[in-house]
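Examining the three-dimensional arrangement
As a plain string of letters, each chain reads:
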Amino acid sequence: DWSSPHWTPVVIRGDVVASLVAARLLRDFIQVEESSLMDHVVVDVPLKSTHHPKLIGKKGLTIASLSAQYQVRIMIPRKDNPPELIQLEGDIDDCIPCLAKMLQILLVQQQQQ
């Protein structure tokens, strides 16, 4: 909630691994007493729209399964809606394995072609 006095957006840019490690370090450094103050992150993942259908799956089953399994909100823009960013929103400890699984899905499908 942007209107909250406790909300301060922080942007970390870099390769995937470095950015996620930096976010974890920042969370651990802050050591917020009330964990709900820093309970989630939004991870922007640039990914060409040609890969989006692979993550959505037939009738949206893949994205729904990922979202439920990792308790992460996954937002994939429509084909005609740039930028080509997929967003993951949730606890950082849930976003990391979700992103890893998404990348694994793309890699396996690429190897099958």
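As a starting point, this report considers the structure included with it. (Residues numbered from 1 in each chain as written. Predicted model: local features only at pLDDT ≥ 70, side-chain atom pairs only at ≥ 80, totals over all residues. Heavy atoms only, no water.)

Before going further, it helps to examine the pattern of salt bridges. Inspection of every chain in the model, using the stated rule, returns 1 salt bridge. Across the pair Arg-73 and Glu-89 runs a salt bridge whose closest N-O atoms are separated by 3.6 Å. Here Arg-73, found in strand 2 (residues 73-75), pairs with Glu-89, found in strand 3 (residues 85-90); they are 16 residues apart in sequence, far enough to count as distant. In this structure Arg-73 comes out as exposed when scored by relative accessible area, which is 51%. For Glu-89, a relative accessible area of 24% corresponds to the partly exposed category. (Salt bridge = Lys/Arg side-chain N within 4 Å of Asp/Glu carboxyl O. Helix = DSSP H or I, 4+ residues; strand = E, 2+ residues; numbered from the N terminus. Buried < 20%, exposed > 50% of the residue type's maximum accessible area, 1.4 Å probe, protein only.)

Turning next to helix 3 (residues 61-70). When helix 3 is considered as a whole, its buried residues turn out to be Ile-63, Leu-66 and Tyr-70. Buried residues in helix 3, looked at end-on, bunch into an arc of 65°, giving them a common side. Along helix 3, the residues that are exposed and aim more than 90 degrees away from the buried face are Leu-61, Ala-68 and Gln-69. Just beyond helix 3, the residue with positive phi is Gln-71, at close to 55°. (Arc of directions from axis to C-beta.)

Moving on: the nonpolar core. Among the nonpolar cores identified, the biggest contains 21 residues, and Ile-74, Leu-88 and Cys-98 are the most heavily contacted of them. Elements with a minimum of two residues in this core: helix 1 (16-30), strand 1 (41-46), helix 3, strand 3 and helix 4 (92-112). (Core = buried A, V, L, I, M, F, W, Y, C linked by side-chain atoms within 4.5 Å.)

Here we come to the side chain of Lys-54. Mapped onto the elements, Lys-54 comes out in helix 2 (residues 52-56). In this structure Lys-54 is buried but unpaired, with Glu-84 as the nearest side chain of opposite charge at 12 Å. Beyond its immediate sequence surroundings of up to four residues, Lys-54 is in contact with Thr-62, Ile-105, Leu-106, Gln-109 and Gln-113. (Lys, Arg positive; Asp, Glu negative; His and termini not counted. Contact = heavy atoms within 4.5 Å.)

On to the sheet that holds strand 3. Read from one edge to the other, the open sheet built from 3 strands follows the order 1-3-2, with strand pairing classed as antiparallel. Strand pairing shows two members of the sheet lacking a second neighbour, strand 1 and strand 2, which therefore form its edges. The mean angle between the axes of side-by-side strands here comes to 15°, regardless of whether they run parallel or antiparallel. Direction of pairing for strand 1 relative to strand 3: antiparallel, over a ladder of 6 bridges. Counted as the bridge partner of Pro-46 is Leu-85 from strand 3. Helix 4 rests against strand 1, strand 2 and strand 3 of the sheet, and its axis sits at about 145° to strand 3. (Pairing = 2+ DSSP bridges. Axes fitted to C-alpha atoms, helices over the stretch in contact; angles between N-to-C directions.)

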